[in-house]
Amino acid sequence: MEQNASPDAFEFASLWERLAAHLIDGVIMIAIFLALMFMFTQLGSYSPLPENAALVGTMVLVVGYRLFGDAAMGGRAIGKRRMGIKVVDATTRKACTFWQGALRNVLFFIHC
């Protein structure tokens, strides 16, 4: 697509594509959380981490994926990549930056 394409030439993702992408990313976040928590509980007393550090670290990874996943992967976290959609800046049509991705996801959580 051209850099200076008009908004009319830009195709927006449907509600269903967006919902499916969020659901895919949600499943990935749950899988990451469960896998890491299982790993940390299996380490048991061998873990060098304090009890709550595993939970906090896991939550940081999961929330980080949600906040920065789109920007870190060129505007397409795994769910969006799977659905063939992308998060772009409305004026430049380039992939969202880390701050744009974080802001839109924070606003999404606040809105819901």
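Everything here concerns the structure above.
Summarised in this report is the structure supplied together with it. (Residues numbered from 1 in each chain as written. Predicted model: local features only at pLDDT ≥ 70, side-chain atom pairs only at ≥ 80, totals over all residues. Heavy atoms only, no water.)

### Comments concerning the packing of aromatic side chains
Two aromatic rings, taken as a pair, are described by how far apart their centres are and by the angle between their planes. Going through the model one piece at a time under the given rule, you end up with two aromatic pairs. On the numbers, 6.0 Å between centres and 50° between planes, the contact of F68 with F98 is tilted. Placement of the pair is F68 in helix α2 (residues 51–72) and F98 in helix α4 (residues 98–111), with a sequence separation of 30 residues. On the basis of relative accessible area, F68 is assigned to the partly exposed category, the value being 29%. Residue F98 is classed as partly exposed on the basis of its relative accessible area, which comes to 45%. Relative to W99, the ring of F68 lies with its centre 6.4 Å away and its plane at 85°, an arrangement referred to as edge-to-face. Of the two residues, F68 is situated in helix α2 and W99 in helix α4; the sequence distance between them amounts to 31 residues. Given a relative accessible area of 68%, W99 falls into the exposed group. Put simply, the rings of F68, F98 and W99 pair up and form one aromatic cluster. (Phe/Tyr/Trp six-rings, centres within 6.5 Å; stacked < 30°, edge-to-face > 60°. Helix = DSSP H or I, 4+ residues; strand = E, 2+ residues; numbered from the N terminus. Buried < 20%, exposed > 50% of the residue type's maximum accessible area, 1.4 Å probe, protein only.)

### A closer look at the side chain of D70
When you line up the elements, D70 lands in helix α2. For D70, a relative accessible area of 0% corresponds to the buried category. At 3.3 Å, the side chain of D70 forms a polar contact with the side chain of R104. (Polar contact = N/O pair within 3.5 Å; in protein donor to acceptor, adjacent residues only side chain to side chain.)

### Brief notes about the nonpolar core
The biggest cluster of nonpolar side chains holds five residues, and these are I28, M29, V62, Y65 and A77. Where this core is concerned, the elements lending two or more residues are α1 (15–43) and α2. (Core = buried A, V, L, I, M, F, W, Y, C linked by side-chain atoms within 4.5 Å.)

### A few points about the environment of I28
Here I28 is to be found in helix α1. Given the relative accessible area of 19%, I28 is considered buried. Remark: the alpha-carbon pair of I28 and V62, spanning 34 residues in sequence, is separated by 8.9 Å. Leaving out residues up to four positions away in the same chain, I28 has contacts with Y65 and I78. (Contact = heavy atoms within 4.5 Å.)

### Let's talk about unusual backbone geometry
The backbone of R93 sits at a positive phi, close to 65°, despite the residue not being glycine. Mapped onto the fold, R93 is located in the loop between α3 (78–83) and α4.

### As for the pattern of salt bridges
Across all of its chains, the model carries four salt bridges by this definition. Of the charged contacts in the structure, one is a salt bridge between D25 and R66, with a shortest N-O distance of 3.4 Å. Of the two residues, D25 is situated in helix α1 and R66 in helix α2; the sequence distance between them amounts to 41 residues. Each member of the pair, D25 together with R66, is buried. D70 is the salt-bridge partner of K80, the closest N and O atoms lying 3.3 Å from each other. With a gap of ten residues between them, K80 in helix α3 and D70 in helix α2 connect regions that are remote in the sequence. Both residues of the pair, K80 and D70, count as buried. Linked by salt bridges that have partners in common, D25, R66, D70, K80 and R104 make up one network. (Salt bridge = Lys/Arg side-chain N within 4 Å of Asp/Glu carboxyl O.)

Any functional reading would require information beyond the geometric quantities listed.
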